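Listed here are the chains, written in short residue letters.
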Amino acid sequence: MSAARIVAIVLIAAGVFALVYGKFSFSSVHDTKVGPIAMKVNEKQTVNVPEWAGWGAIAIGGLLLLAGRKG
């Protein structure tokens, strides 16, 4: 299996994932200590994935698969 085919499959899978879920969340932790006072802040962030990015990843992955067959 060539590298182009693997990249194509990963792009198609990522595009489908983006269309199905549409967003993903992650948490970041910030620690600080000033003298005897310590603080910890957990911050949850959500990233919205545009629909066009999902369709674009699927299209580019499909083109890579087709180009790999012809070459």
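Only a predicted model underlies this, so the values are computations on that prediction, with no experimental measurement involved.

Trainee: Got a minute to help me understand the overall build of the protein chain in this structure?
Mentor: When helices and strands are tallied, the protein chain shows two helices and two strands. Listed by position from the N terminus, the elements making up the protein chain come as α-β-β-α. In terms of overall size, the protein chain is more extended than a compact globule, its C-alpha atoms giving a radius of gyration of 20 Å where 71 residues would be expected to give roughly 11 Å. The principal-axis extent of the C-alpha atoms belonging to the protein chain is close to 65 × 25 × 10 Å. The buried share of the protein chain, reckoned over its 71 residues, is 10%. Here the analysis covers contacts within the protein chain between residues at least 6 apart in sequence; of these, 53% occur between residues at least 24 apart. Total accessible area on the protein chain stands at roughly 5,700 Å², and carbon and sulfur atoms take up 67% of it.

Trainee: Can you walk me through helix 2 (residues 51-70) in this structure?
Mentor: Residues spaced three or four apart along an α-helix face the same direction, because each turn holds 3.6 residues. The end-to-end C-alpha separation of helix 2 is 29 Å, in line with the 28 Å expected for 20 residues at 1.5 Å each. When helix 2 is considered as a whole, its buried residues turn out to be G54, A57 and G61. The arc that holds every buried residue of helix 2, seen down its axis, measures 65 degrees, which confines them to one face. Residues E51, W52, L63 and K70 are exposed on helix 2 and point more than 90 degrees away from its buried face. Residues of helix 2 that are buried sit in contact with helix 1 (3-21).

Trainee: Just to check I follow, could you spell out the environment of F24 for this structure?
Mentor: Among the structural elements, F24 can be located in strand 1 (residues 23-34). On a C-alpha basis, the gap between F24 and L63 in space is 26 Å, while along the polypeptide they are 39 residues apart.

Thresholds applied
Residues numbered from 1 in each chain as written. Predicted model: local features only at pLDDT ≥ 70, side-chain atom pairs only at ≥ 80, totals over all residues. Heavy atoms only, no water. Helix = DSSP H or I, 4+ residues; strand = E, 2+ residues; numbered from the N terminus. Rg over C-alpha atoms; globule rule 2.2 N^0.38 Å. Buried < 20%, exposed > 50% of the residue type's maximum accessible area, 1.4 Å probe, protein only. Contact = heavy atoms within 4.5 Å. Areas by Shrake-Rupley, 256 points an atom, 1.4 Å probe, with all protein chains shown as cover. Expected span 1.5 Å × (residues − 1). Arc of directions from axis to C-beta.

So, to be careful, I would describe these as geometric facts and stop short of saying anything about function.
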